[in-house]
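Notes for the structure review
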Amino acid sequence: MFKVRTLGDPVLKEKTRPVKKITPEIKALIQEMAKTMYEQKGVGLAANQIGVIDRLAVIDPGNDFKVLINPEIIWKNKKKIVEEEGCLSLPSVTVKVPRWEKIKVRYQDENGKTVVLAAEGLLARIIQHELDHLDGCLIIDRATEEEKKQAIEALNAYLLRTEFSPAHSHLK
Ligand SMILES: [Zn+2]
């Protein structure tokens, strides 16, 4: 199981590199990412969140698992919707993030097939969130200064409670 990297880890700020070929290593990576996402009860996970700078993400808004390799938004309606978002790399943090309401995204699936997917609502939001990760952008980078400050305080409080608390050791 991979450890999900959290805020402060420089790999989260890295722009990922296009996947040229779907090798057995990439397939194994996809398996591990899926496992990690479900284990952490996330709805999406980008490769750099586990320290790999390949341009790929896995998502599942609910019984709909997808692998997005080299995803690219090729169309969006000109309307943004603001909603609260969380992120596995920022445990205990939620911030309001504006996202395009409807998008079309082009990507390769795990078999290398090119797919164009029209998405709206939660699915469109998750895809934009993961694409941001692949470009080294986190939800707090899209928040106001005040929200960003609060988010970092919430994250630090969470990390103090969990990683450094002796009470946590017997919970594992
Ligand atoms: Zn995230």
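Located above this text is the structure these notes cover.
Quick look at the structure, then. (Residues numbered from 1 in each chain as written. Predicted model: local features only at pLDDT ≥ 70, side-chain atom pairs only at ≥ 80, totals over all residues. Heavy atoms only, no water.)

Right, let's get into the overall build of the chain. Looking only at helices and strands, one finds four helices and seven strands in the chain. Counting helices and strands in the order they occur from the N terminus, the chain gives α-β-β-β-β-β-β-β-α-α-α. Principal-axis analysis of the C-alpha atoms gives the chain an extent of 50 × 40 × 30 Å. By sequence separation, contacts in the chain at least 24 residues apart represent 65% of the contacts at least 6 residues apart. Put simply, the chain shows about 9,600 Å² of open surface, and 53% of that area lies on carbon and sulfur atoms. With 28 positive and 25 negative side-chain charges, the chain shows a spacing of 4 Å between the two charge centroids. (Helix = DSSP H or I, 4+ residues; strand = E, 2+ residues; numbered from the N terminus. Contact = heavy atoms within 4.5 Å. Areas by Shrake-Rupley, 256 points an atom, 1.4 Å probe, with all protein chains shown as cover. Lys, Arg positive; Asp, Glu negative; His and termini not counted. Charge placed at Lys NZ, Arg CZ, Asp CG, Glu CD.)

As a further point, take unusual backbone geometry. For Asn70, which is not glycine, the phi torsion reads 50° and is therefore positive. Of note, Asn70 is situated in strand β3 (residues 66-76). Phi is positive for Ser92, which is not a glycine, with a value near 75°.

It is worth spelling out the coordination of the zinc ion at this point. Angles at a metal have ideal values that depend on geometry: 109.5 degrees with four tetrahedral donors, 90 or 180 degrees with six octahedral donors. Distances from the zinc ion to its protein donors, Cys87 (SG), His129 (NE2) and His133 (NE2), fall within 2.0 to 2.2 Å. The exposure class of His129 is buried, given its relative accessible area of 8%. (Donors = N, O, S within 2.8 Å, 3.2 Å for Na, K, Ca; no water. Buried < 20%, exposed > 50% of the residue type's maximum accessible area, 1.4 Å probe, protein only.)

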